[in-house]
Amino acid sequence: MNLETDGLVIREQKIGENDRLIFVLTSKYGLIRAFVRRANAVKSNMLATTQLLSYSDFVFYKGKNSYSVNSAQPKASFFKLNEDIEAMSTAFYLAELFGELAPENHEAEDLLKLLLNSLYLMAEKKRSPSQVKATAELRALSNSGYMPNLVACEHCGAYESDIMFFNPASGLLYCSDCGGPADGMQLSLSAVTAMRFICYSEEKKVFNFSLSDAAMVELNQAAEQFALQQTGRNYKTLDFLKSIPKG
Ligand SMILES: [Zn+2]
């Protein structure tokens, strides 16, 4: 049986001398693991279209126990990411994170679009890697059943105060009267406003905000801690991203 869908290669693994296993975030079927046989790939010209971060129209053959790639026609690649190591490393980290969040045997169109937009905005230098990273983390988690409750202070229902406290383990928010450092990370109101925007605005608008450098740093720390605590694991690609000296 053949499955046809568009998808982005988010991970690859060498299998033996000649073959590869690729992990594809597809719009119709969520995460698919599929073998790419080298002989087949060379013959049908699909070495490039099955590379990491290639976006292609795939035809998968579904065998008894596994999938293999029958064909892959290119739709987009993001080679301009190579020009900036922070953008490239952010892309690898988001690919790993989205692989953790992606459903199997279930459509994942929103997640795929979010990741494609993230790569595009960084490749074309339309948004900074840190803005893309925080936005993609928060929105992807929200779309995957980990929506934080940013509507109001958990205790008194106050909508806002000059500083607020966000707990990345519970996803709850506290105002300055009810919360303190023991309740979570201290955030300025502009960082909280950006988090609300990312979680609650329309899909196509999520990247359309701007922040001061200081508030962007707060947003980044909050989104990253939220991603790490909610998924309960570490990411090698994130460790690498954080090891890059800031330019
Ligand atoms: Zn309160």
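Note that the structure is predicted; figures quoted are calculated from it, not measured.

Participant: Explanation requested: the nonpolar core in the structure shown.
Facilitator: One recurring pattern in soluble globular proteins is that nonpolar side chains are buried together. Membership of the largest hydrophobic core comes to 71 residues, with the highest contact counts inside it found for Leu25, Ala91, Phe98, Leu111, Leu115 and Met195. Among the elements that take part in this core, helix 2 (residues 85-101) stands out by supplying ten residues, more than any other. Each of two domains, domain 1 (2-76) and domain 2 (79-243), supplies a minimum of three residues to this core. Sequence-distant contacts of leucine 25, defined by excluding residues within four places in its chain, comprise Gly7, Leu8, Ile10, Leu31, Phe98, Ala102, Ala108, Leu111, Leu112 and Leu115.

Participant: Mind showing me how you'd approach the sheet that holds strand 4 (residues 55-62) here?
Facilitator: Neighbouring strands of a sheet are bound in pairs by backbone hydrogen bonds; such pairs are parallel or else antiparallel. What the five strands build is a closed barrel, ordered 1-2-3-5-4; its pairing is mixed. Strand-to-strand twist in this sheet, taken as the mean axis angle between neighbours without regard to direction, amounts to 50°. One ladder, built from two bridges, connects strand 3 (residues 30-36) with strand 5 (residues 67-76); its direction is parallel. The residue bridging alanine 34 from the neighbouring strand is tyrosine 67, located in strand 5. Each of strand 1 (2-15), strand 2 (19-26) and strand 3 is contacted by helix 2, which is oriented at about 120° to strand 1, the strand it contacts most.

Participant: Sorry, what's going on with the sheet that holds strand 6 (residues 163-167) here?
Facilitator: In spatial order, the strands read 7-6-8; together these three strands make up an open sheet with antiparallel pairing. Each end of this open sheet is capped by a strand with a single partner; those strands are strand 7 (172-174) and strand 8 (185-188). Going from strand to strand, the sheet's axes swing by 35° on average, the running direction of each strand aside. The strands touched by helix 5 (residues 189-200) are strand 6, strand 7 and strand 8; relative to strand 8, the strand with the most contacts, the crossing angle is about 90°. On the sheet, helix 6 (residues 213-231) packs against strand 6 and strand 8 and is oriented at approximately 140° with respect to strand 8.

Cut-offs used in this document
Residues numbered from 1 in each chain as written. Predicted model: local features only at pLDDT ≥ 70, side-chain atom pairs only at ≥ 80, totals over all residues. Core = buried A, V, L, I, M, F, W, Y, C linked by C-beta atoms within 7 Å. Buried ≥ 20, exposed ≤ 12 C-beta atoms within 10 Å, placed from the backbone. Helix = DSSP H or I, 4+ residues; strand = E, 2+ residues; numbered from the N terminus. Domains from an automatic or database assignment. Contact = placed C-beta atoms within 7 Å. Pairing = 2+ DSSP bridges. Axes fitted to C-alpha atoms, helices over the stretch in contact; angles between N-to-C directions.

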